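Given next are the chains, with one letter for each unit.
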Amino acid sequence: MTATQSPPRAPVRPEIRPPSLLRASSVIVWRNLVHIRRMPEMLLDVTVQSVMFVLLFAYVFGGAIAVAGTSYREFLLPGIMVQTMVFASAVVAMGLTSDLQKGIVDRFRSLPVPRSSVLVGRSISSLIHSSIGVAVMAVTGLLIGWRVRNGVVDGVLAFALLLLFGFAMIWLGIWVGSLMRTVEAVQGFMFTVMFPLTFVANTFAPPESMPAWLRTIAEWNPVSALTQACRELWGNGLPAPADAAWPLQHPVLVSVGWSLLLTAVFAPLAVAAFRRRSRD
């Protein structure tokens, strides 16, 4: 009798596990940064435009604005850096809307990756993009006389506050980018909102010279608190006057609070809006 031979077994394929959120997000961050490397003109807003803003305000408007306790150039740099981080929300909103329009998000949905990695990757790459602008402004500021005068610890803390607030504003941008249907609509809406937010503040002029009703709005503006925090931490001017609103009397604490509050509000809204939009 011959022993019966069992049929050959099919080779066992190793189980393919989907990538983790961290790995998938890092790949999307790298994808967005590669876009910048291949299209360097995407950096114009945080390089050439940043230098242009600093020089324009420092030399054209600087002679007409008097600031007590410091030069206008040192008064200017914290405000214009805060403006850059605020406008990070517009950058991420337009980028996300473009990806949704072109169907790139649909391609990501067909892959075994966490859907939230698209948002995390987009937020981190946008923060890197805005940080480049802050670095360019810092170098430009050093060339025209701006200095960090309160030591390394306070200087680093001010930059950390900028990044924290910029991260909160990015979630606002993700929310808007998930709601709007076209890049043109996003651009029009964001700039309509962001310009008053950054100019009705202490970013470019002291609020003491404003009418009483406008000064109240400016002093309670979260942009003013962050700008005042950076000025005090960098030693770029005097503390807020005694009659200033409470947020300007405690700018560091208020800046942290605003950043956490905005993130807590807009991050869930952004995730929910993105899920609804990506299902359409």
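In this report, we go over the structure that sits alongside the text. Worth saying up front: this structure is predicted, and the values here are computed from it rather than measured.

## Section: helix 3 (residues 72-86)
- Along its 15 residues, helix 3 runs 21 Å from first to last C-alpha, staying within 8% of the 21 Å computed at 1.5 Å per residue.
- Within helix 3, 14 of the 15 residues are buried, which leaves it mostly tucked inside the rest of the structure.

## Some points on the nonpolar core
- With 58 residues, the main nonpolar core has L77, I80, M81, L162 and I174 as its most contacted residues.
- Contributing elements (two or more residues each) for this core: helix 2 (48-61), helix 3, helix 4 (88-102), helix 6 (116-144), helix 7 (152-179), helix 8 (183-199), helix 10 (222-234) and helix 12 (251-279).
- Sorting elements by how many residues they give to this core places helix 7 first, with eleven residues.
- If near-sequence neighbours (up to four positions away) are discounted, I174 is found in contact with V92, L96, L119, S123 and A270.

## Some details on the packing of aromatic side chains
- In total, this model carries twelve aromatic pairs according to the counting rule given.
- With 5.4 Å between their ring centres and 75 degrees between their planes, F87 and F195 make a pair best called edge-to-face. With F87 in the loop between helix 3 and helix 4 and F195 in helix 8, the pair connects residues that are 108 residues apart, well separated along the chain.
- Look at F87 and you get buried, because its relative accessible area is 15%.
- Residue F195 is classed as partly exposed on the basis of its relative accessible area, which comes to 35%.
- With a centroid separation of 5.0 Å and 40 degrees between ring planes, the pair formed by F199 and F204 is classed as tilted.

## What about the pattern of salt bridges?
- Counted under the stated rule, the structure contains five salt bridges.
- Here E219 ties to R215 by a salt bridge, and the two come within 2.8 Å at their closest N and O atoms. One end of the pair, E219, and the other, R215, are both in helix 9 (residues 212-220), four residues apart, so they sit about a helical turn from each other. One exposure class covers both E219 and R215, and it is buried.
- The shortest N-O distance in the salt bridge between R215 and D243 comes to 3.2 Å. Placement of R215 in helix 9 and of D243 in the loop between helix 10 and helix 11 (246-249) is noted, with a sequence separation of 28 residues between them.
- A relative accessible area of 54% means that D243 is categorised as exposed.
- Each of R31, D99 and R122 takes part in one network of salt bridges that share partners.

## Let's talk about a nonpolar patch on the surface
- Side chains of L55, L56, Y59, V60 and F61 sit close together on the surface and give an oily, nonpolar patch of about 450 Å² of accessible area.
- By secondary structure assignment, the location of F61 is in helix 2.
- A residue is classified by how much of its surface remains accessible, and F61, at 38% relative accessible area, is partly exposed.

## A closer look at a positive patch on the surface
- The grouping of R115, R275, R276 and R279 at the surface amounts to a positive patch.
- Secondary-structure assignment places R276 in helix 12.
- Overall, the relative accessible area of 44% leaves R276 in the partly exposed class.

## Looking at the side chain of S259
- Relative to the assigned elements, S259 resides in helix 12.
- Overall, S259 belongs to the buried group, its relative accessible area being 1%.
- Each residue touching S259, except ones within four places of it in the same chain, is listed here: L164, F165 and A168.

About the cut-offs
Residues numbered from 1 in each chain as written. Predicted model: local features only at pLDDT ≥ 70, side-chain atom pairs only at ≥ 80, totals over all residues. Heavy atoms only, no water. Helix = DSSP H or I, 4+ residues; strand = E, 2+ residues; numbered from the N terminus. Expected span 1.5 Å × (residues − 1). Buried < 20%, exposed > 50% of the residue type's maximum accessible area, 1.4 Å probe, protein only. Core = buried A, V, L, I, M, F, W, Y, C linked by side-chain atoms within 4.5 Å. Contact = heavy atoms within 4.5 Å. Phe/Tyr/Trp six-rings, centres within 6.5 Å; stacked < 30°, edge-to-face > 60°. Salt bridge = Lys/Arg side-chain N within 4 Å of Asp/Glu carboxyl O. Patch = residues over 30% accessible without salt bridge, like charges linked within 9 Å, V, L, I, M, F, W, Y side chains within 5 Å. Areas by Shrake-Rupley, 256 points an atom, 1.4 Å probe, with all protein chains shown as cover. Lys, Arg positive; Asp, Glu negative; His and termini not counted. Charge placed at Lys NZ, Arg CZ, Asp CG, Glu CD.

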